[in-house]
Amino acid sequence: MKLYGYCIVILCLARLDIVQCAKILGFFASMSQSHFIVEEPVMRELAKRGHEVTVVTAFKQSGEPLKNYRYIDIPDFINRPELELFRTSATTGKGMGFVQGYKMMKPLLRLSLDLMNHDKFLPLKNETFDLLVVGWFMNEYTLGLSGHFKCPSVIISPNVNFYNMRKLAGNPSSISTIPGIFVDYATPMTFFQRVKNIGFYFLEYAIMEGMNQLFMKPLYSEGFPPSEYPSYDEVLKNVSLVLVTQHFSGRTPEPLLPNVIEVEGMHVKKEPSPLPEDIKEFLDGATDGVIFFSLGSNARSSDLSEERIAIFVNKFRGLKQRVLWKFEADLPNLPDNVKIGKWLPQDDILAHPNMKLFISHCGKGGITEAKYHGVPILGIPLFGDQPGNADHIAEEGWAVLLPFADLSESTFPAVLDEALNNPTYGNVVKKLSNLNRDRPEHPLDKAAFWIEYVIRHNGAKHMQSPAVHLNVLQFYMVDTISFILVALYVSIRLIKFLFKVILRKVFRRGHEKSKKE
């Protein structure tokens, strides 16, 4: 019996060695709360697994406090004028020009640096951390924190794999099979689409590297003086793991290195949380189904013009379905079948069995939740990646689209009737939901495992591709191919020269011989 007890103790100690407790700093400075909604669950999961987790973000905590989970919110920046302009430009339909967009970009990119210089953050610089986790949003310069704490780093991208993520991981770009982020070609691409795709990849490279050199590098130098910290290029090569929000069941499969992990859906709960009683009662009583309407965390329905709000309300009034609408202000004279809320638990609502349709701006997080729960979409994309996301799910066959500029008293009712009455969209998304769910583990567990893997193996440098240490000319073998071409050219010229010399000598001897005869 004693021997049995010793064995248990030894096994417990071995287990403690395998899953060692680590101090983890999560830095999430995106201006979009939808990004943080996707990223935060893995930080909470790491705390539940016993790690000491510190999270820094601009958003107020929404979940229950956890043991080992220190939450530092710095909301000072959320109501900045440039952020307000960014939000309202989407729903007013005015948009913004190139110059205005450029002027707005600079303060937005400084958001991460401002957070790092905030009084709430500065004391953290005197602590030690074993791992840095960064929520990506055009803020690679924050990887300087890994140089400060002398620890490995992990990147979480709230979107799919693209140039920036591939660069940080050293992952090759499959130009012949994966459309660039600025297009949404169906695959396999035609010959001319592949020709155009080369141009779009060059455009992606030019834009991202241009931002990197014009904005990121100076911000890095400002936050991490070169005399005290590793160079910007060095910290970019210190990324141990990249988590991308995609899954091969929903896009063209691409070759990924071991340090690039697909984790789409890690924010979707394994089991829905209980709904607030008033929302639960509203959804449970919807015998003809429910339509959920949300424009996401950036754009606000309350910023829509009175004319556009009237378009929605007038159509909703005549429906037999109930409508749950994320609306951030009071809205008088609502129909009895419409309920509004300033902030709604989207994932839990979409999981409800009476859910019939999701009217969405087509943000990446919302699309993932809708697909997982098998809910078709009426897409009204506004800006950014949303039009491309909308086109993609329409091609998959489970969404009907209405461009925001085309929204009118005639177009919206027609598109809504199509989405509600055509069963094709629901049938397709249910099949895609089964594909998306058929995995050996929940993506949250997968993300947590690989982060712990990096911790266990001190940065897991053995997963890193040598490509990280090559410049663009070396990576695409421009230097070696150029050398071969030059060597081939010189060889041909040399052979040609020698051949001429030999011929000259042969003919000279022949000529001298004929003279003697």
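Here goes a summary of the coordinates provided. Just so we're clear, the structure is a prediction, and the values are computed from it rather than from any experiment.

## Side note on the overall build of the chain
Part 1: Looking only at helices and strands, one finds 19 helices and 13 strands in the chain.
Part 2: Dimensions of the chain, computed from the C-alpha atoms along their principal axes, are close to 120 × 75 × 50 Å.
Part 3: The proportion of buried residues among the 517 residues of the chain is 49%.
Part 4: Contacts spanning at least 24 positions in sequence make up 65% of the contacts within the chain whose residues lie at least 6 apart.
Part 5: Of the roughly 25800 Å² of accessible surface on the chain, a fraction of 60% belongs to carbon and sulfur atoms.
Part 6: Side-chain charges of the chain comprise 57 positive and 55 negative groups, with the mean position of each set lying 11 Å from the other.

## As for the layout of surface pockets
Part 1: Quantified by volume, the second largest pocket comes out at close to 790 Å³.
Part 2: As for the second largest pocket, its lining consists of 28 residues, of which Tyr-163, Lys-167, Tyr-205, Glu-209 and Val-472 are closest to the centre.
Part 3: Every element with two or more residues in the lining of the second largest pocket is listed here: helix H7 (163-169), helix H8 (191-223), helix H9 (232-236) and helix H18 (472-475).
Part 4: Broken down by element, the residue count for the lining of the second largest pocket peaks at nine residues, all from H8.
Part 5: Here the lining of the second largest pocket is composed, by residue class, of 14 nonpolar, seven polar and seven charged.

## A word on the packing of aromatic side chains
Part 1: With the rule as written, the count across this model stands at 27 aromatic pairs.
Part 2: Seen in terms of ring centroids, Tyr-69 and Tyr-71 are 6.2 Å apart; in terms of plane orientation they differ by 45 degrees. Their pairing is tilted.
Part 3: For Tyr-69, a relative accessible area of 8% translates into the label buried.
Part 4: Relative to Phe-412, the ring of Phe-312 lies with its centre 4.8 Å away and its plane at 85 degrees, an arrangement referred to as edge-to-face. One end of the pair, Phe-312, is in helix H11 (residues 306-317); the other, Phe-412, is in helix H15 (residues 411-421), with 100 residues separating them in the sequence. The pair formed by Phe-312 and Phe-412 is uniform in burial state, with each residue classed as buried.
Part 5: Put simply, the rings of Phe-293, Phe-312, Phe-316, Trp-325, Phe-327 and Phe-412 pair up and form one aromatic cluster.
Part 6: The residue whose ring lies beneath Lys-23 is Phe-129, and the NZ or CZ to ring-centre distance is 5.0 Å.
Part 7: Sitting over the ring of Phe-282, Arg-322 keeps its end group 5.1 Å from the ring centre.

## Focus: the sheet that holds strand S10 (residues 338-341)
Part 1: Taken together, the six strands give an open sheet; going across it, the order is S10-S9-S8-S11-S12-S13, and neighbouring strands pair in parallel fashion. Every interior strand has two partners, whereas the edge strands, S10 and strand S13 (399-401), have only one. Taken over all neighbouring pairs, the strand axes of this sheet differ in orientation by 20 degrees on average, direction set aside.
Part 2: The sheet contacts of helix H10 (residues 277-284) involve strand S8 (290-294), strand S9 (322-326) and S10, and relative to S9 the element is tilted by about 145 degrees.
Part 3: This element, helix H14 (residues 386-396), spans strand S12 (377-379) and S13 of the sheet and lies at about 130 degrees to S13.

## Quick notes on the pattern of salt bridges
Any two side chains of opposite charge can pair, given that their charged atoms come close.
Part 1: All told, the structure shown has 20 salt bridges when counted by the stated rule.
Part 2: We note a salt bridge from Glu-127 to Arg-70, for which the minimum N-O separation is 2.8 Å. Placement of the pair is Glu-127 in the loop between helix H5 (111-116) and strand S4 (131-135) and Arg-70 in strand S3 (residues 69-73), with a sequence separation of 57 residues.
Part 3: The class of Glu-127 is partly exposed, set by a relative accessible area of 24%.
Part 4: The residue Glu-222 makes a salt bridge to Arg-110 at a minimum N-O spacing of 3.1 Å. Taken together, the positions of Glu-222 in helix H8 and Arg-110 in the loop between helix H4 (98-109) and H5 put the pair 112 residues apart, joining distant regions of the chain.
Part 5: What makes Glu-222 partly exposed here is its relative accessible area of 47%.
Part 6: Assessed through its relative accessible area of 27%, Arg-110 is described here as partly exposed.
Part 7: Beyond isolated ion pairs, a larger network of salt bridges with shared partners links Glu-45, Arg-49, Lys-270, Asp-445 and Glu-452.

Analysis parameters
Residues numbered from 1 in each chain as written. Predicted model: local features only at pLDDT ≥ 70, side-chain atom pairs only at ≥ 80, totals over all residues. Heavy atoms only, no water. Helix = DSSP H or I, 4+ residues; strand = E, 2+ residues; numbered from the N terminus. Buried < 20%, exposed > 50% of the residue type's maximum accessible area, 1.4 Å probe, protein only. Contact = heavy atoms within 4.5 Å. Areas by Shrake-Rupley, 256 points an atom, 1.4 Å probe, with all protein chains shown as cover. Lys, Arg positive; Asp, Glu negative; His and termini not counted. Charge placed at Lys NZ, Arg CZ, Asp CG, Glu CD. 1 Å grid on protein atoms, 1.4 Å probe; cavity = no way out; pocket = protein on both sides within 12 Å on 5 of 7 lines; lining within 4 Å. Points joined across faces, edges and corners; volume = space filled by probe spheres on them. Nonpolar A, V, L, I, M, F, W, Y, C, P; charged D, E, K, R; others polar. Phe/Tyr/Trp six-rings, centres within 6.5 Å; stacked < 30°, edge-to-face > 60°. Lys NZ or Arg CZ within 6 Å of the ring centre and 35° of its normal. Pairing = 2+ DSSP bridges. Axes fitted to C-alpha atoms, helices over the stretch in contact; angles between N-to-C directions. Salt bridge = Lys/Arg side-chain N within 4 Å of Asp/Glu carboxyl O.

Remember, this is a structural readout, not a statement about activity or role.
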